[in-house]
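This is what each chain is made of:
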Amino acid sequence: MIALTIILVAAFLLLGLTLWKKRSPSPLREIPAFDEMTRSLDLSVEDGKRLHLSLGRGDLLNSSGASALAGLALLRSVAERASVGDKPPVASSGDAALGLLSQDTLRAGYQAASADDAHSQNQGRVTGLSPFSYAAGAMSIPQSEDVSTTMIFGHLGAEAALLADSVERSGANLIGASDHLEGQAVLFAETRNALVGEELFAANAYLNADPSHDASLTLQDIFRWLIILALLGGSAAKFLGMF
Amino acid sequence: MRILAAIVAIAVGLLVLLGYFVPQAAVFQTLLLNWAIIFAAAAALVGMFNLINVHAEKIRKGDKNKLYSAVLIVGLIAAFLAALILKPQNAIVQTFLVNGIIVPVEASLMALLAISLLYAAARLLRRRADLMSAVFVAVAALLFLGSATLPFGDMPLFGSLLRPYISQVWALGGARGILIGVGLGALTAGLRVLLGVDRPYGGA
């Protein structure tokens, strides 16, 4: 029952905060990787080069699906912005259902930008269904398709190193975020533009000045403070021998 | 169509969520999850055709890696037909395809990964010379020293004290903090889809 209460409170807070953020948007703290992402998006359009968004292998039927949803939300923004470029962006995924959704999301982004003609179904690709086969399939994209920036946004483990290595050899820029601890450690070592922890879910708030994304971040902050207070309170109670 | 897709997605999401809290809704939850598993299996087949389509286009356009694309398509079709005709658990399929090709290829990629990670660690301080990178490398070195098996046994202090202290206190605490952050992000990402704010389906 506690879990249901938390979900309901979170849902109402999200709706309330969205209405509040519509009236008074708040500034976001500076994260260099997001500045680099915006710059890379603009540069790829100017240079007539391609963007590659690696969505990882998040299964929509388990907890890794959340990072896949965050990646898809980012893909929508990327598709809309990059649709005016010479070379269409490419999304690779390691899960078949995620691959289908990436195709649909890309199509939606192109439709929103009134650029349906430039869209191709092959922009959303399933490159492999196991961690290594996915990485092996995605590795060839930065090498052979004139990619200026690869963004890793999703559920990737240590195999992200193979993809990151391939991006580095192609001379492209790499921005990376994973919900997997191993993936985060690897990306921290592989790129200056690594995002850690919940920053994966903040991408759209930084790319779009949308109150609902801004509200999501505020909601996370509220819950974070509640968890901190609960942890400190629990520790103090334990220290005082209350339980 | 777009509105219908949103209604179906939100209704199914809410029913599955309700199944965790209301026993009466658990029947629908099981049914819908079973459907989702069948759809996911069908999607795997669509994904396979997508892979063939992408690589067929590369061959058609005369891509510089078209030979690899041709090998991929031939291998994919051969493996698919072999498993379809002989069944996946057949000895020939298991010995030749799984143990003979798939497992060694994945093992070689894993070996490549080890080299790749070592190379990344070596370049880390050159790429980003800051305090966090220094801490990252120092902690990795301490953990390696603590877990290395040397001719004279474990290194005193490192294996018995430093490694467990770093990995079970500092690293575990940090990992839990990161995972709590990821969990909060996942909560809002899920809520956004359930409320129809994010709709990664049904077009624009």
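Quantities reported herein were computed from a predicted structural model and do not represent experimental measurements. Residue positions are counted from 1 within each chain, in the order its sequence is given. Written order decides the labels, with chains lettered from A and ligands numbered from 1. Totals for whole chains, interfaces and linings use all residues, but because this is a predicted model, local features are given only for residues with pLDDT of at least 70 and pairs of side-chain atoms are given and counted only at 80 or more. Note: side-chain values were computed over all heavy atoms of the structure, leaving out hydrogens and water.

Regarding the domain arrangement of chain A
All names here are of chain A.
Alright, step 1. Where a domain begins and ends is set by an automatic assignment or by a domain database. Domain boundaries in chain A define domain 1 (29-208) and domain 2 (209-243).
Alright, step 2. Just the C-alpha atoms count here: the centres of domain 1 and domain 2 sit 30 Å apart.
Alright, step 3. The criterion used for residue contact is that any of the two residues' heavy atoms lie within 4.5 Å. Taken together, the eight residues of domain 1 in the interface contact seven residues of domain 2.
Alright, step 4. Two parts lose some accessible area (1.4 Å probe) when they are put together, and adding that loss for both gives the buried area. With both chains or domains summed, domain 1 and domain 2 bury close to 530 Å², and 61% of this area falls on carbon and sulfur atoms.
Alright, step 5. On the domain 1 side of the contact with domain 2, E198, A205 and N208 bury the most area, a combined 67% of that side's loss.
Alright, step 6. Salt bridges are counted wherever a side-chain nitrogen of Lys or Arg sits within 4 Å of a carboxyl oxygen of Asp or Glu. At the boundary of domain 1 and domain 2, one finds one salt bridge.
Alright, step 7. In the analysis that follows, any N or O atom pair within 3.5 Å is treated as a polar contact, provided that within protein one partner can donate a hydrogen and the other can accept it, and provided that, for residues neighboring in sequence, both atoms belong to side chains. Run the count over domain 1 and domain 2 and you get two residue pairs in polar contact (both at pLDDT 80 or more).

Focus: the domain arrangement of chain B
Residues and elements named next belong to chain B.
Alright, step 1. Its domain assignment divides chain B into domain 1 (1-86), domain 2 (87-127) and domain 3 (129-204).
Alright, step 2. Taken together, the contacts link six residues of domain 1 with five residues of domain 2.
Alright, step 3. In total, domain 1 and domain 2 occlude about 440 Å² of area from one another, counting both sides; carbon and sulfur atoms represent 63% of this.
Alright, step 4. Of all residues in domain 1, A79, A83 and L86 bury the most surface against domain 2, accounting for 81% of the area lost on that side.
Alright, step 5. Connecting domain 1 to domain 2 are zero salt bridges.

Some details on the side chain of A:S44
Alright, step 1. Its place among the elements puts A:S44 in helix α2 (residues 32-47).
Alright, step 2. By relative accessible area, which is 2% here, A:S44 ends up buried. Runs of E in the DSSP output that reach at least two residues are strands. Runs of H or I that reach at least four are helices, and both are numbered from the N terminus. For every residue, the accessible area obtained with a 1.4 Å probe (protein chains only) is divided by the maximum for its type, and the residue is called buried under 20%, exposed over 50%, and partly exposed between those limits.

Quick word on the interface of chain A and chain B
Alright, step 1. Across the boundary between the two partners, chain A contributes 68 residues, which contact 56 residues of chain B.
Alright, step 2. Around 5,200 Å² of area is buried between chain A and chain B when both sides are counted, 70% of it from carbon and sulfur atoms.
Alright, step 3. A per-residue breakdown of the area chain A buries against chain B is headed by A:N122, A:F132 and A:F188, which together make up 13% of the total.
Alright, step 4. The interface formed by chain A and chain B holds four salt bridges in total.
Alright, step 5. Close ionic contact of B:R123 with A:E190 constitutes a salt bridge, the shortest N to O distance being 3.6 Å.
Alright, step 6. Counting every contact that joins chain A to chain B gives 14 residue pairs in polar contact (both at pLDDT 80 or more).
Alright, step 7. Broken down by secondary-structure element, the contributors of at least two residues to the side of chain A that touches chain B are α1 (2-23), α3 (65-82), α4 (96-112), β3 (124-126), α5 (131-144), α6 (160-170), α7 (181-190) and α9 (211-239) of chain A.

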